[in-house]
Amino acid sequence: MSGTATAWIDDPFADAVRTGRGPLWLRGDDGRRIPLDIERWCAPAAGGDHSLLLRCFDLSAPVVDLGCGPGRLVAALLALGVPALGVDVTPAAVAHTLGLGGAALCRSVFDRLPAEGRWGAALLADGNLGIGGNPQALLRRAAELIAPDGLLLVEVEPREVDERVTVRVEGPDGRLGPPFAWARLGTEAAVRRARDAGLVEAERWASHGRRFLALRRRGAPSPSSPGSPTGPSSPSTTRRPTVAPRLSSPRSPTLPVRPADRPTDR
């Protein structure tokens, strides 16, 4: 691997996105390996994904998926009639998303993005809270993207952890990509980092062995706020971005009902 190689682009992740097959890991400097569920990411949305899709559907507002990977969530949202845009630094992932009929940009979340401050929701799923190895900076950036009444939907680690590590993507043949900073946060650690980034917890839940948080800007209106007619299920006075669906089929996927989600104890 040359000195100019770039993580997620010149490493086994890009190859795995093209083939849709793993196994794939993040390997730490200490030799520990963290599995990456690339085959699930390349498959249609399923399981715990539906809990995210339902919450986005309830918002009736466009969604930006940060670190969209192969684009399963973008494609599923568009099939539900929810305008969605994927953002990813990996050209192969963006190409895969476009191939599903989705809309995607090959950019970093820290680059300039369309409709900043007007998205109804932003997603950080599949461990993407670790992007950049600085969760507080990432959460602050994500908060800049959503509308004043928008939501940030974040997947956290299934167990309590709070770590910043240097890792490389490792493929099935042992090939390693270049090193990069990453982070892993459980629920409580993510809530602490969110608070420092000007966000507050709106909801936490578990689905199919995965754990999630819904965050909103501090002081933002909520459905239960007295005298506040604009909740997350209602149209906002903020002008929303539009992303045209590009799916060949108008049929929406069938999703499980919300009661299947399990709220977690605070």
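Residues numbered from 1 in each chain as written. Predicted model: local features only at pLDDT ≥ 70, side-chain atom pairs only at ≥ 80, totals over all residues. Heavy atoms only, no water.

(A) Main features of the overall build of the chain. What the chain contains, in helices and strands, is 7 helices and 12 strands. Within the chain, the fraction of its 266 residues that count as buried is 53%. For the chain, long-range pairs separated by at least 24 residues make up 67% of all intrachain contacts whose partners lie at least 6 apart in sequence. When the accessible surface of the chain is split by element, carbon and sulfur atoms take 52% of a total near 11,800 Å². (Helix = DSSP H or I, 4+ residues; strand = E, 2+ residues; numbered from the N terminus. Buried < 20%, exposed > 50% of the residue type's maximum accessible area, 1.4 Å probe, protein only. Contact = heavy atoms within 4.5 Å. Areas by Shrake-Rupley, 256 points an atom, 1.4 Å probe, with all protein chains shown as cover.)

(B) Seen up close, the state of the cysteines. Following the criterion strictly, the structure yields 0 disulfides and no others. For Cys-68, which is in no disulfide, the shortest distance to another cysteine sulfur is to Cys-106 and amounts to 9.3 Å. With relative accessibility at 4%, the residue Cys-68 sits in the buried group. You can call Cys-106 partly exposed: its relative accessible area is 42%. (Disulfide = S-S within 2.5 Å.)

(C) Inspection of the nonpolar core at higher detail. Trp-8, Leu-26, Leu-66, Leu-129, Leu-139 and Leu-152 are the most contacted members of the largest nonpolar core, which totals 52 residues. In terms of residues, this core owes the most to one element, helix H6 (residues 135-145), which gives 5 residues. Trp-8 has contacts with Phe-13, Ala-14, Leu-26, Leu-36, Val-89, Thr-90, Val-169, Phe-180 and Trp-182, leaving out every residue within four places of it along the chain. With 23 residues, the next largest nonpolar core counts Leu-52, Cys-56, Leu-78 and Ala-121 among its residues. (Core = buried A, V, L, I, M, F, W, Y, C linked by side-chain atoms within 4.5 Å.)

(D) Spatial organisation of the environment of Phe-110. Mapping Phe-110 onto the fold places it in the loop between strand S5 (104-106) and strand S6 (119-124). For the pair Phe-110 and Arg-141, spaced 31 residues apart in sequence, the C-alpha to C-alpha distance is 6.9 Å. Not counting residues within four places of it along the chain, the set of residues in contact with Phe-110 comprises Ile-131, Ala-137, Leu-138 and Arg-141.

(E) Broad picture of the sheet that holds strand S8 (residues 162-170). With antiparallel pairing, the 4 strands of this open sheet are ordered in space as S2-S1-S8-S9. Looking at strand neighbours, the two that pair on one side only are strand S2 (33-35) and strand S9 (180-185), the edges of this open sheet. Adjacent strand axes in the sheet meet at a mean angle of 45°, parallel and antiparallel pairs treated alike. The pairing of strand S1 (residues 25-28) with S2 spans 3 bridges and is antiparallel. (Pairing = 2+ DSSP bridges. Axes fitted to C-alpha atoms, helices over the stretch in contact; angles between N-to-C directions.)

(F) Geometry of the pattern of salt bridges. With the rule as written, the count across this model stands at 23 salt bridges. Between Arg-210 and Asp-49 there is a salt bridge whose closest N-O contact spans 2.9 Å. Residue Arg-210 is found in strand S11 (residues 210-217), and its partner Asp-49 is found in helix H3 (residues 49-59); the two are separated by 161 residues along the sequence. The exposure classification of Arg-210 matches that of Asp-49, with both residues buried. Ionic pairing is found between Glu-144 and Arg-141, a salt bridge with its closest N-O pair at 3.1 Å. (Salt bridge = Lys/Arg side-chain N within 4 Å of Asp/Glu carboxyl O.)

(G) Broad picture of the packing of helix H1 (residues 12-19) against helix H5 (residues 91-99). As a packed pair, H1 and H5 sit with axes 8 Å apart at the nearest point and diverge in direction by 20°. Overall, the two elements H1 and H5 adopt an arrangement that is roughly parallel. For the element pair H1 and H5, the recorded crossing hand is left-handed. Counted together, Ala-14, Val-17 and Arg-18 of H1 and Ala-92, Ala-93 and His-96 of H5 form the full contact between these two elements. For the contact of H1 with H5, the residue count by class is 4 nonpolar, 1 polar and 1 charged. (Parallel < 35°, antiparallel > 145°, perpendicular 65-115°, else oblique. Left-handed = near helix turned anticlockwise from the far one by under 90°. Nonpolar A, V, L, I, M, F, W, Y, C, P; charged D, E, K, R; others polar.)

(H) Structural detail: the packing of H3 against helix H4 (residues 72-79). The geometry of H3 relative to H4 is characterised by a closest axis approach of 10 Å and an angle of 45° between their N-to-C directions. Comparing their axes, H4 and H3 come out oblique. Our pair here, H3 against H4, has a crossing hand that is right-handed. Across the interface between the two elements, Asp-49, Leu-52, Leu-53 and Cys-56 of H3 pack against Arg-72, Leu-73, Ala-76 and Leu-77 of H4. Split by residue class, the contact of H3 with H4 holds 6 nonpolar, no polar and 2 charged.

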